[in-house]
Amino acid sequence: IASQWCSDGLSAGEQGKHNIETYGYKSWYDFANEEWGTKWNAYEGEDEIKDGELESSFRTAWSAPSPVIKKLSGMYHGITITHHYLDEGGCYAGTSVYENGEKVSETVADWRYHAEVVFGHVFDDEEDEDSVMEDPAKPGPESAINGLEP
């Protein structure tokens, strides 16, 4: 994909202009951040549909891919998408619920609470609230908690 964004023989300015005209964005990085809400694609993903709800677990770089979840919700009317997110660095956590292409609720949660209750992380005695998780557990079907209150 990156090769589509970088043609041989064009200066940086020409390439940027070409990319904006062709793709609507100057670079793959601008595209990814705007369209996906994060700089890289998702990885280590798992999905499950249960009782009309889609549970999806995956990792992304830096931030929750809210634009992708919203668009996916718009593609599948009648399905509720509950999106739990947790920053591995301890900066943010929460749950968003989408229906028919719209975010219908969002709960910003206490990071440690969300790590423990939703993602099942167990802190040992040496970890504190500012600890960075190296490998957070993936949420399972039992973690579909709507309207979380820390």
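Q: Explain the overall build of the protein to me, please; I cannot follow it from the model alone.
A: When its secondary structure is counted, the protein shows 5 helices and 5 strands. Shown N-terminal to C-terminal, the secondary structure of the protein runs as helices and strands in the order α-α-α-β-β-α-β-β-β-α. Of all intrachain contacts in the protein linking residues separated by at least 6 positions in sequence, the fraction that spans at least 24 positions is 41%. For the protein, the computed accessible surface area is about 9300 Å², with 50% contributed by carbon and sulfur atoms.

Q: How do you make sense of the packing of helix α3 (residues 28–36) against helix α4 (residues 66–75) when you look at a structure like this?
A: In a packed pair of helices, the relevant descriptors are the angle between the two axes and the axis-to-axis distance. It is the contact of α3 with α4, at a shortest axis distance of 6 Å, that shows an interaxial angle of 55°. Here α3 is positioned oblique relative to α4, judged by the angle of their axes. Counted together, Glu34, Glu35 and Trp36 of α3 and Ser66, Pro67 and Val68 of α4 form the full contact between these two elements. Among the residues forming the contact of α3 with α4, the class breakdown is 3 nonpolar, 1 polar and 2 charged.

Q: Explain the pattern of salt bridges to me, please; I cannot follow it from the model alone.
A: Side chains that carry opposite charge are capable of pairing whenever their charged atoms lie near each other. Considering all chains together, one arrives at 4 salt bridges under this definition. Arg59 is paired through a salt bridge with Glu44; the nearest N and O atoms lie 3.0 Å apart. Here Arg59 is found in strand β2 (residues 53–59), whereas its partner Glu44 is found in strand β1 (residues 43–50), with 15 residues between them in sequence. Assessed through its relative accessible area of 42%, Glu44 is described here as partly exposed. As a salt-bridge pair, Glu106 and Lys103 come within 3.0 Å of each other at their nearest N and O atoms. Glu106 gets classed as partly exposed once you look at its relative accessible area, which sits at 41%.

Q: For this particular structure, what's the right way to read the pairing of strand β3 (residues 80–86)?
A: Each regular strand displays side chains that alternate between the two surfaces of the sheet. Across the 7 residues that make up β3, a large majority, 7, are buried. Taking every second residue as pointing to the same face, both faces of β3 are buried, with Thr80, Thr82, His84 and Leu86 on one and Ile81, His83 and Tyr85 on the other. Pairing of β3 with strand β4 (residues 93–99) involves 7 bridges; the strand directions are antiparallel. Within the sheet, the bridge partner assigned to His84 lies in β4 and is Thr95. Remark: 6 residues form the turn of the hairpin made by β3 and β4, two consecutive strands paired antiparallel; Gly90 in that turn has positive phi of roughly 85°.

Q: Hey, could you run me through the environment of Ala93 in this one?
A: In this fold, Ala93 is placed in strand β4. Exposure remark for Ala93: the relative accessible area of 1% places this residue in the buried category. Considering only alpha carbons, one finds Ala93 and Tyr113, 20 residues apart in sequence, at a separation of 9.0 Å. The contact partners of Ala93, leaving out residues within four places of it in the chain, are Tyr85, Leu86, Thr107, Val108, Ala109, Trp111 and His114.

Q: I tried to follow the environment of Lys26 on my own but got confused; where do I start?
A: Turning to its location among the elements, Lys26 is positioned in the loop between α2 (12–23) and α3. Lys26 sits 14 residues away from Ala12 along the chain, and the two C-alpha atoms are 9.9 Å apart.

Q: How do you make sense of the confidence of the model for the protein when you look at a structure like this?
A: Parts of the model with low pLDDT should not have their predicted coordinates read in detail. In this model, the protein carries an average pLDDT of 78, and 75% of its residues clear a pLDDT of 70 or more. The least confident element of the protein, judged by mean pLDDT, is helix α1 (residues 2–5) at 56; the most confident is strand β5 (residues 102–108) at 93. Counted against residues more than four places away or in other chains, residues 133–150, with its pLDDT under 50, gives 47 contacts.

Quick notes on the rules
Residues numbered from 1 in each chain as written. Predicted model: local features only at pLDDT ≥ 70, side-chain atom pairs only at ≥ 80, totals over all residues. Heavy atoms only, no water. Helix = DSSP H or I, 4+ residues; strand = E, 2+ residues; numbered from the N terminus. Contact = heavy atoms within 4.5 Å. Areas by Shrake-Rupley, 256 points an atom, 1.4 Å probe, with all protein chains shown as cover. Axes fitted to C-alpha atoms, helices over the stretch in contact; angles between N-to-C directions. Parallel < 35°, antiparallel > 145°, perpendicular 65-115°, else oblique. Nonpolar A, V, L, I, M, F, W, Y, C, P; charged D, E, K, R; others polar. Salt bridge = Lys/Arg side-chain N within 4 Å of Asp/Glu carboxyl O. Buried < 20%, exposed > 50% of the residue type's maximum accessible area, 1.4 Å probe, protein only. Pairing = 2+ DSSP bridges. pLDDT = per-residue confidence, 0-100.

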